[in-house]
2 protein chains.
Amino acid sequence: MTFQDRLRTAQDDIQTTLTDLLAAFDGPVGDAMRYACTGGKRLRGFLALETSALFDVPRPRALRAAAAIEAVHAYSLIHDDLPCMDDDDMRRGHPTVHRRWDDATAVLAGDALQSAAFEWLADAATHDDAGVRADLVLTLARNAGAAGMVRGQALDIAAETAATALSLDQIIELQRLKTGCLLEWPCRAGALLAQANPAPLLAYAADLGLAFQIADDLLDVEGDAEIVGKAVGKDAGAGKATFVSLMGAEAARTRADNLVKTAQGSLLPFGDRADTLAAVARYVVTRDK
Amino acid sequence: MTFQDRLRTAQDDIQTTLTDLLAAFDGPVGDAMRYACTGGKRLRGFLALETSALFDVPRPRALRAAAAIEAVHAYSLIHDDLPCMDDDDMRRGHPTVHRRWDDATAVLAGDALQSAAFEWLADAATHDDAGVRADLVLTLARNAGAAGMVRGQALDIAAETAATALSLDQIIELQRLKTGCLLEWPCRAGALLAQANPAPLLAYAADLGLAFQIADDLLDVEGDAEIVGKAVGKDAGAGKATFVSLMGAEAARTRADNLVKTAQGSLLPFGDRADTLAAVARYVVTRDK
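Conventions we followed
Residues numbered from 1 in each chain as written. Chains lettered and ligands numbered in written order. Predicted model: local features only at pLDDT ≥ 70, side-chain atom pairs only at ≥ 80, totals over all residues. Heavy atoms only, no water. UniProt positions renumbered as here; feature names shortened; annotations may be inferred. Helix = DSSP H or I, 4+ residues; strand = E, 2+ residues; numbered from the N terminus. Buried < 20%, exposed > 50% of the residue type's maximum accessible area, 1.4 Å probe, protein only. Contact = heavy atoms within 4.5 Å. Buried area = accessible area lost by both parts, 1.4 Å probe. Salt bridge = Lys/Arg side-chain N within 4 Å of Asp/Glu carboxyl O. Axes fitted to C-alpha atoms, helices over the stretch in contact; angles between N-to-C directions. Parallel < 35°, antiparallel > 145°, perpendicular 65-115°, else oblique. Left-handed = near helix turned anticlockwise from the far one by under 90°. Nonpolar A, V, L, I, M, F, W, Y, C, P; charged D, E, K, R; others polar. Polar contact = N/O pair within 3.5 Å; in protein donor to acceptor, adjacent residues only side chain to side chain. Expected span 1.5 Å × (residues − 1).

An unreviewed UniProt entry lists chain A under the name Geranylgeranyl diphosphate synthase, from Jannaschia helgolandensis. Checking UniProt for chain A, the heading Sequence similarities (unreviewed entry) contains the comment "Belongs to the FPP/GGPP synthase family." You can read under Catalytic activity (unreviewed entry) in the UniProt record for chain A the words "isopentenyl diphosphate + (2E,6E)-farnesyl diphosphate = (2E,6E,10E)-geranylgeranyl diphosphate + diphosphate".

As structure tokens, this is what we get:
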């Protein structure tokens, strides 16, 4: 299978899993949860599947971890798009949840997706070893919470109203939290599900996360809103310091390319079993959305 | 110790535990998390401590469960108070989080408190048996999510704009979800921590939850905003169907009193070890805030 075929198969399987797991929830909040968990690149879920595949973790288990991280990612986007946060109207080429429904439904759908992710991970169907399930919950809660993703969001909001622009080091730290933490977890999940050492995958995830965000900043400058599926040019419009504004587009692209190579280097212990993960790192900086 | 002494000791111990657990989080979001987790009756945490005491669960473990349910309760209040939800300015006698900070900080502090609760429950300090930790996470996630508390919140919002007022049965179901689910969990937690049968405590919790909400409706009509610590008279002002509007105050009080007796009846298997839990049921309908 080519990389694109594997990615497409993963996207289909993750969608099926999410549809099954979310079927129980009714009313507008249930509809909004399903809507927010539809589409997208499924990069985080794909990472959970591919790191699990390295260790021959049964695919149904890996798919539950993939569904959990996609649910947390979807929750973070719903809340991040709210008028009191980034105030975005479009996401993945469709109206954001608060535009399609209302702010209250968006708050509740995000809240419930976070609960759902932990419910799925703690359930016996995810692993017969309860210690593995507890570790999955513990690490995702840490990466998502006030020392992880939420902290990144808070720093991002503070930066918007700060008198001085962020330095490059501050942006790297902000993005490590805001974006990196939710990219790291699925890389860790494969090792946790296999009760294997996560260290090489955490090194891979750190470089991948930074490369991802540099590519995001480049897309905000060079991307096509129709393809990206959300507004572009927002950062420059808001006078926001980004990798591109601080380094220039060319140096940013070089940095991203170097990070891809370092990320791929961390996969060497796995040999050609990690070919797809190596391709993911390349994909992250060449994607057009 | 009298009931009031036990409650006050529990309130102090829960506050200390929350202060310790929340110390790691900095910035405005960390401040808002601590602010939202200060004060309050600690009824949910007290239930976790008292059901744990029935089975001689070590108090440090019970306190972690108490902290987790208080964090989830605080998160639900922060989000419920938002302008797009109930739009409340006062809570526990102080400005609500979005009034003291802003809406974005309130969304993020609530989000992070939910993550924190699951992080604490999944941590090995809560129980050496990972199966117990996974069960604590699983049941709290279910009770808090789109089939539990969030579903109750959504039904409550839908009722406000509905053409016809809710029936008594519909209000009972709404309140079972909105309020009952977060009162049930700490009653279950004591049994889970002891790996004991939760059935009698779940029966107790069901009656307690309904009695609690009837008392809340009575407080909205008869309470003093200064003592209650939040606005009163909101339900009648909004033309909202409540136990009091549907049954009248006297019948509502009789119903609440009968529920207290049934709740206390469910505690008979525990003998006088459950005296404090029996007193909690009485407290729930006689409290003035």
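Caption draft 1: The environment of Leu136(B), seen in detail. Residues and elements named next belong to chain B. Among the secondary structure elements, Leu136 is positioned in helix 7 (residues 130-144). With a relative accessible area of 0%, Leu136 lands in the buried category. It is 25 Å that separates the C-alpha atoms of Leu136 and Arg8, two residues lying 128 residues apart in sequence.

Caption draft 2: Quick peek at the interface of chain B and chain A. With 38 residues of chain B at the contact, the number on the chain A side is 38 residues. Regarding the contact of chain B and chain A, the summed buried area is about 3100 Å², with carbon and sulfur atoms giving 70% of it. At the boundary of chain B with chain A, the tally comes to six salt bridges. Across the pair Asp26(B) and Arg151(A) runs a salt bridge whose closest N-O atoms are separated by 2.5 Å.

Caption draft 3: Quick peek at unusual backbone geometry. A positive phi is found at Arg92(A), a non-glycine position, where the angle reads about 55°. Relative to the helices and strands, Arg92(A) resides in the loop between strand 1 (90-91) and strand 2 (94-95).

Caption draft 4: Up close: the environment of Thr19(A). Examined against the element boundaries, Thr19(A) turns out to sit in helix 1 (residues 3-22). C-alpha separation for the pair Thr19(A) and Cys187(A), spaced 168 residues apart in sequence, amounts to 23 Å.

Caption draft 5: View of the packing of helix 9 (residues 168-193) of chain B against helix 10 (residues 199-222) of chain B. Residues and elements named next belong to chain B. Following both chains from N to C, one finds helix 9 and helix 10 inclined at 140°, their axes separated by 8 Å at the closest point. Looking at the two axes, helix 9 sits oblique to helix 10. Seen from above, helix 9 lies across helix 10 with right-handed handedness. Of the residues in helix 10, those in contact with Ile172, Gln175, Thr179, Leu183, Glu184, Cys187, Arg188 and Ala191 of helix 9 are Leu201, Leu202, Tyr204, Ala205, Gly209, Leu210, Phe212 and Gln213. Split by residue class, the contact of helix 9 with helix 10 holds 10 nonpolar, four polar and two charged.

Caption draft 6: Spotlight on the side chain of Thr51(B). Residue and element names in this part refer to chain B. When you line up the elements, Thr51 lands in helix 3 (residues 43-54). In this structure the side chain of Thr51 is engaged in a polar contact, spanning 3.4 Å, whose partner is the backbone nitrogen of Gly190. If near-sequence neighbours (up to four positions away) are discounted, Thr51 is found in contact with Pro186, Cys187, Gly190, Leu201 and Leu277.

Caption draft 7: Structural detail: helix 4 (residues 59-80) of chain A. End to end, helix 4 of chain A covers 31 Å across 22 residues, agreeing with the expected 32 Å (1.5 Å per residue, within 8%). Taken across its 22 residues, helix 4 of chain A has 19 buried, putting it largely inside the fold.

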